[in-house]
Amino acid sequence: MNKVFHISQRIPAALHSLSESELFDAHEGIIRNGYYIHSVALHNAPWRLLYLQDEDDLFKDSWDKLQLSFLLVVLALSLLVTIVHWQTRRAFVSPASRLLTHLEACSQEPIRPPEKITHGWEPWFALVSRIFEENRQYTHHLAEQNKRLDNLVARRTQRLRETTERREREYALLRSLIDSIPEAIVFKDKEGKYLGCNKSAERMLGYSENEIIGLTSSEVVSPEQGERIGEEDKKVLAQQHSLRYQERVNIEGKPVLLDTFKLPFYNRRGDLLGLISVWRDITKEYDAAEQLRMSEQRYHLAMDAVEDGLWDWYIDSEQIICNPAFYSMLGYQANEFPPLLASIDQLFHPDDRERVQQYRNEYVEYPKGTYEIEFRMLGKNKQYYWVLSRGRAVEFTDSGRSKRMLGTHKDITKQKSNEVALLEAKQDAELANMYKSEFLANMSHEIRTPMNAIIGMVQLAQRTNLTPQQQDYLNKAGFSAQSLLRIINDILDFSKIEAGKLELERVAFPLDEVLDHVIDINAIKAQEKGVELLLYAPVTAGLILNGDPLRLGQVLVNLLSNAVKFTQNGEVELGCEDIAKRDNRITMKFWVRDTGIGISKDQQAMLFDAFSQADGSTTRKYGGTGLGLSISKHLVSMMGGTMQVESEMNVGSTFSFIISFEIAEEQVIEPLVVPEQLNNLTTLVVDDNPSALQMYSTLMKDFSFGVDTADSGQKALDILRKKPIDLLLLDWMMPEMNGNDVISALDDMVSKGEIAKRPIVILMTAYSAEPLDAELAKNTVYAVLQKPFKASDLFDEIISAFAQEPKLNAMPVAEADEPSKDSGLILLVEDNFINQQVASELLKSSGYEVVIADNGQVALDVIDSQPFDAVLMDIQMPVMDGLTASIELRKRYTKEQMPIIAMTAHAMSGDREKSLGAGMNAHITKPIVLTELFETLSHWIAYKNSHKND
């Protein structure tokens, strides 16, 4: 064992505790007390090398190297990871991201792969697009299939529902039908048990359906009857044949005759299921058949008893059933010849046979109305009798052809003989009527010719300077002449009515002009009598109707003049209003109401008879022919209306009628516009007549004015004291205090200061203006309105009164129209010297130049000598009449080049048409009505002048 010397001086103190053997045996290296000990034996020397190193220093280099190596490894790994990441991102992440984006886009709507794709990724993009495209197609296909499936299911469900509902309806309908059948019906199975019944069976059996189901007949009716019914049921089911019979039973204590019918019923395969029993109550039918049998028996008895020949023909048979009178009427014995159609036809007169057969065949084919024909039949005495055959088809085939006809034969031989006598009498009457018409036409001409002279001379005389007495004489002569003319016109109209030649025109006319004309004609007479004349016509303005204005005016003039004539005091009202309007037609009601003497019930019954008057005594107060109302009633009837009268003695009368007109035109009437400064105008209407007070106050309200009313002058003054009034509409003639008294009291109140402002006064009067002018000489009113007046006239006066510069308290002055000069050159063709003088002087007084021709030939000779503006042509003249002259003139001049106007005394029906047919432009009758003459001349001369350049 080798020894080491002084080793303690070399080892650290921490290792002193270790033994040497432990130190030297550490040939593999150990760590003790913080040191690394490694003992190495030297092979060339007997020593051991002991290697000692601090534990901390032992791994320092290795650790430093390790750290460096680790750092290098980390850097290498980082670089590698970066390269791998970049390569991975370039080769996988970006394409995968684009693939996911493409996937997301395709999930919403399949699209094609993008054009630029990383190499190797194309299949994936194509796969995604294809998958989603296929998925879309599959989804669409699946949706279509689902939709078709849903539709199919819905249709099948709907068909199933409809089938179910139809079966339910069919069952309900079948059940309702069965229950509605009046016959009793029961159903039984093959064992005879009830399966059901209808309502009639329930009533007959006395059980409900639920109560009898499952029961047999023996359990429902008596055992004996049930056993019989059971045997019948078994027989029907065994033989499978129907069974029918009649039986009498008691139902609810009443004997009833039943028609019983039993039959088996089967399913669709033909298997027997049971039977059906039907009971029908034929009691009434049986009784009706008995009654029919008895009726036929009575019918044959009646046919035998009737004096006229009765026949009954079933058309599909040649035989005709006839009563004995059918034969005896012609002198034959009953059934002396066979009652066959051919036998009867042989008795017809040869001239009648074909006509009768043709008429009979046509009626058989088209049986409308009554079969009626007259013919001759051969009697037993070889003479022909006239027979009237009348009948009617009473039974028909499905095609509407006659199946059976009933009728009579009546001997009318005596009637035919009387008809011949009547025909001869009718011809005599028509001849006499023709003579009468010719007489009336001649009389009309002969009377009108001197009447024209009388009236014309009176008119000429009235245009000269006259003394008051002469003027009075001429006025009365003119009035009497006009009265005589009206009587002549009434007689002519009556003759036209009797002859059936009175015809109505159909022209367009303004209704308000007709009403104004009627009022104007009667206004003066009403004023003279002091009768207040009122007009109520709220719908006439602008209304143009199709009809006959002349005849309508004639009726209204007649009624209104009668009302004025028979009214001594009070009022007369002409009214017109629409009571129905439909499409282009309007129904108007006209009436004339008065407060006159009235008409008794007995007089009303014959009031419209010709030549009849309410007062027919020799001491009667009122004149007239008694034709006016008769003619008016006939005219109203021709216009489609009916004249009615309501009257009470000493109270008054109302005549009314309703006529429907076609509206030719309905002009739009602009509403009356009230100036803004008159919006708050206060007015007071004063009139003692309640009707007039209501009418005129309504007019003021229609103007949107404030309106107060008073029925006496004193009440009007009381109102004026209480409140300011802008306009006073005052009636003149009132009891106790008239209009003049009210104006005087008004001025006195103004002077005393009781009224701050004097109202504008407009005076109304139904009387003549002459005494009114005298009374108003010392008073002032703004205007005077003559009753009846239009709403527009009143409105104009009010607007004028409250204008910026009113003509306060000024009376209007009427200015006479000066006749126009140089009106035209007229050729007057007239053979009567007096009529020549009348017509020429009247024309000259109106500014016309006149050339006279004595007849038509003279007119033809002078027509080219001067530039005539018009020709006035008489009709009846010697040498050449007016119609012939007009025809000849028309060969030279047209209607536009030379107007020809008939001025004739011919006023019968058809005379106007003859004049127009001869080429004349117009037709006016004598006696001449100046306004009509001058208006006609002015119109046609203006018409000629307007066509000069044509």
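Further up the page is the structure itself.
The rules we used
- Residues numbered from 1 in each chain as written.
- Predicted model: local features only at pLDDT ≥ 70, side-chain atom pairs only at ≥ 80, totals over all residues.
- Heavy atoms only, no water.
- Salt bridge = Lys/Arg side-chain N within 4 Å of Asp/Glu carboxyl O.
- Helix = DSSP H or I, 4+ residues; strand = E, 2+ residues; numbered from the N terminus.
- Buried < 20%, exposed > 50% of the residue type's maximum accessible area, 1.4 Å probe, protein only.
- Contact = heavy atoms within 4.5 Å.
- Pairing = 2+ DSSP bridges.
- Axes fitted to C-alpha atoms, helices over the stretch in contact; angles between N-to-C directions.

Peer 1: Would you take a moment to explain the pattern of salt bridges for this structure?
Peer 2: Oppositely charged side chains are able to pair whenever their charged atoms sit close together. The final tally for this structure, using the stated rule, is 35 salt bridges. Here E170 and R166 are joined by a salt bridge, their closest N and O atoms 3.9 Å apart. Of this pair, E170 and R166 both sit in helix 4 (residues 122-180), 4 residues apart, which is roughly one turn of the helix. Relative accessible area serves as the criterion here: at 37%, R166 is assigned to the partly exposed category. In the salt-bridge network here, residues are joined through shared partners; they are K188, R228, E232, D233, E247 and K262.

Peer 1: How do you make sense of the side chain of T683 when you look at a structure like this?
Peer 2: Structurally, T683 is set in strand 21 (residues 682-686). Those residues in contact with T683, other than ones at most four positions away along the chain, are M700, F705, G706, V707, D708, I725 and L727.

Peer 1: Is there a simple way to explain the sheet that holds strand 9 (residues 309-314) in this structure?
Peer 2: Each strand in a sheet pairs with another by means of backbone hydrogen bonds, the pair being arranged parallel or else antiparallel. Taken together, 5 strands build an open sheet; the order of strands is 10-9-13-12-11 and the sheet is antiparallel. Because the sheet does not close on itself, it has two edges, and the strands there are strand 10 (320-322) and strand 11 (371-378). Across the sheet, the mean angle from the axis of one strand to that of its neighbour is 25°, orientation sign disregarded. Relative to strand 12 (residues 384-396), strand 11 is paired through 8 bridges, and the arrangement is antiparallel. Paired with L378 across the bridge in strand 12 is Y384.

Peer 1: Mind showing me how you'd approach the sheet that holds strand 1 (residues 30-32) here?
Peer 2: If you walk across this open sheet you meet the 3 strands as 1-2-3, and the pairing is antiparallel. Whereas interior strands pair on both sides, the edge strands pair on one side only; in this sheet they are strand 1 and strand 3 (48-54). Shown here is a sheet whose adjacent strand axes are inclined to one another by a mean of 30°, direction ignored. Here 3 bridges tie strand 1 to strand 2 (residues 35-41), and the two strands are oriented antiparallel to one another. Looking at the pairing, I31 lines up with Y36 of strand 2.

Peer 1: Looking at this model, I keep getting lost on unusual backbone geometry. Mind explaining?
Peer 2: Trans is the common state for peptide bonds, and a negative phi is the common state for residues other than glycine. Phi angles above zero are rare outside glycine, and Q240 is one such case at about 50°. By the secondary structure assignment, Q240 is in the loop between helix 8 (223-239) and strand 6 (243-251). Even without being glycine, N650 reaches a positive phi, approximately 65°. Relative to the helices and strands, N650 is located in the loop between strand 19 (644-648) and strand 20 (652-666). Taking the relative accessible area as the measure of exposure, N650 reaches 68% and is therefore exposed.

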